[in-house]
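Letter by letter, the chains look like this.
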Amino acid sequence: MNTRALPTGYTPPVPVRGRTLRTCRGLLIGSALPPRMPTFSADAELVQEALLDRRTAAPRPLLQRIAGAAWRWC
């Protein structure tokens, strides 16, 4: 493409983050891509597993247990 054919003030697209580009008019192209999932360390996985385990969960208060029983009864 000839440089005389380009409009004045034109700047080529600029990479912003990875595959996202900012055009000369300020538009972001490719920004709808979902971000990468974070990688967890072994310690973080152990903590997550312990938090989700039923044996380490805190017991529900009496009022919540009564409300849950009433909800199941309905």
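Residues numbered from 1 in each chain as written. Predicted model: local features only at pLDDT ≥ 70, side-chain atom pairs only at ≥ 80, totals over all residues. Heavy atoms only, no water.

**Re the overall build of the protein chain**
- The secondary structure content of the protein chain amounts to two helices and three strands.
- For the protein chain, the proportion of its 74 residues judged to be buried stands at 4%.
- Of the accessible surface of the protein chain, which amounts to about 7,600 Å², a share of 63% is contributed by carbon and sulfur atoms. (Helix = DSSP H or I, 4+ residues; strand = E, 2+ residues; numbered from the N terminus. Buried < 20%, exposed > 50% of the residue type's maximum accessible area, 1.4 Å probe, protein only. Areas by Shrake-Rupley, 256 points an atom, 1.4 Å probe, with all protein chains shown as cover.)

**Re the confidence of the model for the protein chain**
- Overall, the predicted model of the protein chain reaches an average pLDDT of 78, with 80% of residues at or above 70.
- Here strand 1 (residues 14-15) stands out as the element of the protein chain with the lowest mean pLDDT, 72, in contrast to helix 2 (residues 62-73), whose mean of 91 is the highest. (pLDDT = per-residue confidence, 0-100.)

**Side note on the pattern of salt bridges**
- Inspection of every chain in the model, using the stated rule, returns one salt bridge.
- Taking the shortest distance from any N to any O, the salt bridge between R55 and D53 comes out at 2.9 Å.
- A relative accessible area of 74% places R55 in the exposed class.
- Given a relative accessible area of 25%, D53 falls into the partly exposed group. (Salt bridge = Lys/Arg side-chain N within 4 Å of Asp/Glu carboxyl O.)

**Examining a nonpolar patch on the surface**
- On the surface, V47, L51 and L52 cluster together to form a nonpolar patch covering roughly 340 Å² of accessible area.
- Along the chain, the position of L52 falls in helix 1 (residues 42-52).
- L52 gets classed as exposed once you look at its relative accessible area, which sits at 65%. (Patch = residues over 30% accessible without salt bridge, like charges linked within 9 Å, V, L, I, M, F, W, Y side chains within 5 Å.)

**Considering helix 2**
- Its 12 residues give helix 2 an end-to-end C-alpha distance of 17 Å, which sits within 8% of 16 Å, the value for a rise of 1.5 Å per residue.
- The buried fraction of helix 2 amounts to one of the 12 residues, a small share that puts the element mostly on the outside. (Expected span 1.5 Å × (residues − 1).)

**Structural notes on the sheet that holds strand 1**
- Taken in spatial order, the three strands line up as 1-2-3 in an open sheet, and their pairing is antiparallel. In the strand order of this sheet, the two ends are held by strand 1 and strand 3 (28-29), each with one partner.
- Examined bridge by bridge, strand 2 (residues 21-22) and strand 3 share two bridges and lie antiparallel to one another. Across the sheet, the residue bridging to R22 is L28, located in strand 3. (Pairing = 2+ DSSP bridges.)

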